[in-house]
Amino acid sequence: MSNEKKLTTASGIPYYHHEDTQSAGERGPLLLQDFILHEKMAHFNRERIPERIVHAKGSAAYGTFTVTHDITKYTKAKLFQKIGEETRVMLRMSTVGGEKGSADSERDPRGFALKFYTEDGNWDLVGNNTPIFFIKDPKKFSDFIHTQKRDPYTNCKSATMVWDFFSLNPESLHQVMFLMSDRGTPRGYRHMHGFGSHTFSMINSDNEKVFVKFHFKTQQGIINFTAAEADQMKATDPDFAQRDLLNAIDNGDFPKWTMMIQVMTEQQSKTHEFNPFDLTKTWSQKDYPLIEVGTLELNANPQNYFAEVEQVAFAPAHIVDGIGFSPDKMLQGRILSYPDAQRYRLGANYEQIPVNRCPFMVNNYQRDGQMRVDGNGGAAPNYFPNSFDNIKPDESYIRPAEPIETPVADWYDRNGPNENDHYTQPGIFFREVLSEEDKKSLINTIVGAMSGIDGPKRDLIVNRQLCHFFRADIQLGMAIASGLGINADEIMPKQHNA
């Protein structure tokens, strides 16, 4: 008899599709009926209390976003309608994998989460300091984050877990190379770019839609720690990024970023050489050039860290009129899981907390729940429609219908035909983006990180990951193999036959 165990839900129901979410067509929106996604994410969101599951340690500041260029042909969002228009914002930047007491200079992606307090409601643009991510389907998120946390047996970080996951998921290679370069250790928060990361959409006053990616280019210049400098800073000042941002603003040295967008038409998205909604890939800036939009400036520190930074809550589900979603599967998953995480962490009424509350108007029929602090609607009706109040849905905010490309719902392989090129862009990143010094730093960092792999499956994991590096770039693979003391001639045949 086989010793294999069936994969089941918490209620004991066996199921197969643990990694791919059911969608309406190969590149269509995800379906609410895929309850495995809900169970995985809902349980994952409740695994830690009370700190954030991810992005636990972060810093934030208030500021302004000022429009400098006209993009009204793309969007009717009110905050973009006039040159010189200013919108109050809060930006929270954070490490991803560490606990609240971890060091700011850890090798890790950095969260870049913006809350725009607009007259049409709060718009949350929740991204990272990288334009890509490790995975492309939300069902894989909890598994990925578990590998970045602590081993359930040793309660220590585990290079074996990390590289086992990376080697089994070649879609992670592009982000792995960003992370292992010096971009994985930015010198605080002021000297890094920010990205919306996902593909979003914009809708103009004629209800015409385009797809967009958001970029925030630091005006302070990119400055990174080397691996040695980052390790030294962890020992010298684990709160370096927090202190650096706070002191700069207190001293009137207000950090700024230039907001830019890339634009792709719906027709271009259908004929693009790869899936433009794949979060593990970037759009070519030659084919889709950056368009300047405005300036983001941070100019005020929160007065109480807990009240304003610990309790600020972001959710990609919070979009305003003129901004929309896309078939990006990771974005679709975050639409569900982020508000759920905030309700778990802060309660059902988390949007009444001052830092989260829309400063213009809030009219709805939500009532009761823990920590209801706004009068709970008083004597007004708690149902709609009714004959007593004057709250009316505004037809001008109707969103245009979105066509579904296929009537077929299925669990499509996220790495199926035309979706499985994990190596071209990482190879370009290594050869064309990194300087010679950057390449050496990347190789040394990867060698150091992979040297921590141990246990009976060490050789299997190392060789499997080396195959991915060889496929991205032969010289990269050769250098890493050499650094690990492995004969590259023995690996190459495995790489070609894998």
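Values in this document were obtained by computation on a predicted structure and should not be read as measured data.

A few words now on the overall build of the chain. In terms of regular secondary structure, the chain is built from 14 helices and 12 strands. Against the 2.2 N^0.38 benchmark of 23 Å for 498 residues, the chain shows a C-alpha radius of gyration of 23 Å, consistent with a compact globule. For the C-alpha atoms alone, the extent of the chain along its principal axes is close to 80 × 60 × 45 Å. Within the chain, the proportion of its 498 residues that are buried is 54%. In the chain, 74% of the contacts between residues at least 6 apart in sequence involve partners at least 24 apart. In the form shown here, the chain has an accessible surface area of approximately 23,300 Å², with 52% of it arising from carbon and sulfur atoms. Of the charged side chains in the chain, 54 are positive and 65 negative; the average position of the first set lies 2 Å away from that of the second.

Here we come to the pattern of salt bridges. Counted by the stated rule, this structure contains 29 salt bridges. Across the salt bridge formed by Lys139 and Asp34, the nearest N and O atoms sit 3.2 Å from each other. A residue pair is termed long-range when its members are at least 10 positions apart, and Lys139 in the loop between strand E5 (121-128) and helix H2 (141-148) and Asp34 in the loop between strand E1 (23-24) and helix H1 (35-44) qualify at 105 residues. Taken as a pair, Lys139 and Asp34 share a single burial class, namely buried. Linked by salt bridges that have partners in common, Glu19, Asp20, Lys140, Glu171 and Arg414 make up one network.

Moving on, we get to helix H11 (residues 436-450). The terminal C-alpha atoms of H11, which comprises 15 residues, lie 21 Å apart, in line with the 21 Å expected from a rise of 1.5 Å per residue. The complete set of buried residues in H11 reads Lys439, Ser441, Leu442, Ile443, Thr445, Ile446, Val447 and Met450. Lining the buried residues of H11 we find helix H3 (159-168), helix H4 (173-180), helix H5 (227-236), helix H10 (424-433), helix H12 (458-472) and helix H13 (474-483).

Judged by nonpolar contacts, the single largest core of 48 residues is most densely connected at Phe141, Trp163, Met450, Phe469 and Ile480. For this core, the secondary structure elements donating two or more residues are H1, H2, H3, H4, H10, H11, H12 and H13. In this view, Phe141 contacts Met41, Phe44, Val54, Phe133, Ile135 and Met330; residues no more than four positions away in its chain are not counted. Counting residues in hydrophobic clusters, the runner-up holds 38 residues, among them Tyr74, Tyr189, Val212 and Met259.

Right, let's talk about the pairing of strand E2 (residues 58-67) for a bit. The element E2 is largely enclosed, with a buried count of 10 among its 10 residues. Side chains Gly58, Ala60, Tyr62, Thr64 and Thr66 of E2 all project onto a buried face; the interleaved residues Ser59, Ala61, Gly63, Phe65 and Val67 project onto the opposite face, where all are buried too. As defined by bridge partners, E2 adjoins strand E3 (residues 86-95) across nine bridges and the pair is classed as antiparallel. In the sheet register, Gly58 faces E3, and the bridge partner there is Ser94. For E2 and strand E10 (residues 291-300), the ladder comprises six bridges, and the chain directions are antiparallel. When the bridges of E10 are listed, Tyr62 appears paired with Ala300.

What follows concerns the packing of aromatic side chains. Any pair of aromatic rings gets described here by the distance separating the centres and the angle formed by the planes. Summed over all chains, the structure comprises 22 aromatic pairs. With 5.4 Å between their ring centres and 75 degrees between their planes, Phe133 and Phe134 make a pair best called edge-to-face. The class of Phe134 is buried, set by a relative accessible area of 1%. Here the aromatic cluster, defined as three or more aromatic residues joined through ring pairs, consists of Phe44, Phe133, Phe134, Phe141, Phe144, Trp163, Phe165, Phe166 and Phe469. For the cation-ring pair, Lys439 lies above Phe430, with the distance from its terminal atom to the ring centre recorded as 5.2 Å.

Moving on to the side chain of Asp473. Inspection of the secondary structure puts Asp473 in the loop between H12 and H13. Residues within four places of Asp473 in sequence aside, it is in contact with Phe430 and Arg431.

The next subject is the environment of Asn204. Structurally, Asn204 can be placed in the loop between strand E7 (200-203) and strand E8 (209-218). Setting aside anything within four residues of it in sequence, one finds Asn204 in contact with Thr72, Lys73, Tyr74, Thr75 and Lys76. Engagement of the side chain of Asn204 in a polar contact is seen with the side chain of Glu208, the distance being 2.7 Å.

Thresholds applied
- As a convention, each chain's residues are numbered from 1 in the sequence order in which they are written.
- It should be noted that, the model being predicted, local features are given only for residues of pLDDT at least 70 and side-chain atom pairs only at 80 or more, the latter also being counted only at that level, while totals for whole chains, interfaces and linings use all residues.
- Each side-chain value is worked out from all heavy atoms of the structure, with water and hydrogens disregarded.
- Here a strand is any run of E in DSSP of at least two residues, a helix any run of H or I of at least four, and the numbering for each starts at the N terminus.
- The globule rule used for comparison is 2.2 Å times the number of residues to the exponent 0.38, while the radius of gyration itself is calculated over C-alpha atoms.
- Each residue is placed in one exposure class: buried if its accessible area under a 1.4 Å probe, protein chains only, is under 20% of its type's maximum, exposed if it is over 50%, and partly exposed if it falls in between.
- Here, residues are in contact when the closest pair of their heavy atoms is within 4.5 Å.
- Computed by Shrake-Rupley with a 1.4 Å probe, the accessible areas treat only the displayed protein chains as cover when residues are assessed.
- The charge count treats Lys and Arg as positive and Asp and Glu as negative. His and the chain ends do not count.
- By convention, the charge on Lys lies at NZ, on Arg at CZ, on Asp at CG and on Glu at CD.
- Here, a salt bridge means any Lys or Arg side-chain nitrogen found within 4 Å of an Asp or Glu carboxyl oxygen.
- Residue count minus one, scaled by 1.5 Å, sets the expected span of a helix.
- Definition used in this section: a nonpolar core is a set of buried Ala, Val, Leu, Ile, Met, Phe, Trp, Tyr and Cys residues joined via side-chain atoms within 4.5 Å.
- In short, DSSP must find at least two bridges between two strands for them to pair.
- Pairing of aromatic rings covers Phe, Tyr and the six-membered ring of Trp, with a centre-to-centre limit of 6.5 Å; geometry is then stacked below 30 degrees between planes, edge-to-face above 60, and tilted otherwise.
- Lysine and arginine charges are scored as sitting over a ring when NZ or CZ, respectively, is within 6 Å of the ring centre and within 35 degrees of the ring normal.
- Here a polar contact is taken to be a pair of N or O atoms separated by no more than 3.5 Å, where protein atoms must pair a possible hydrogen donor with a possible acceptor and residues adjacent in sequence count only if both atoms sit in side chains.

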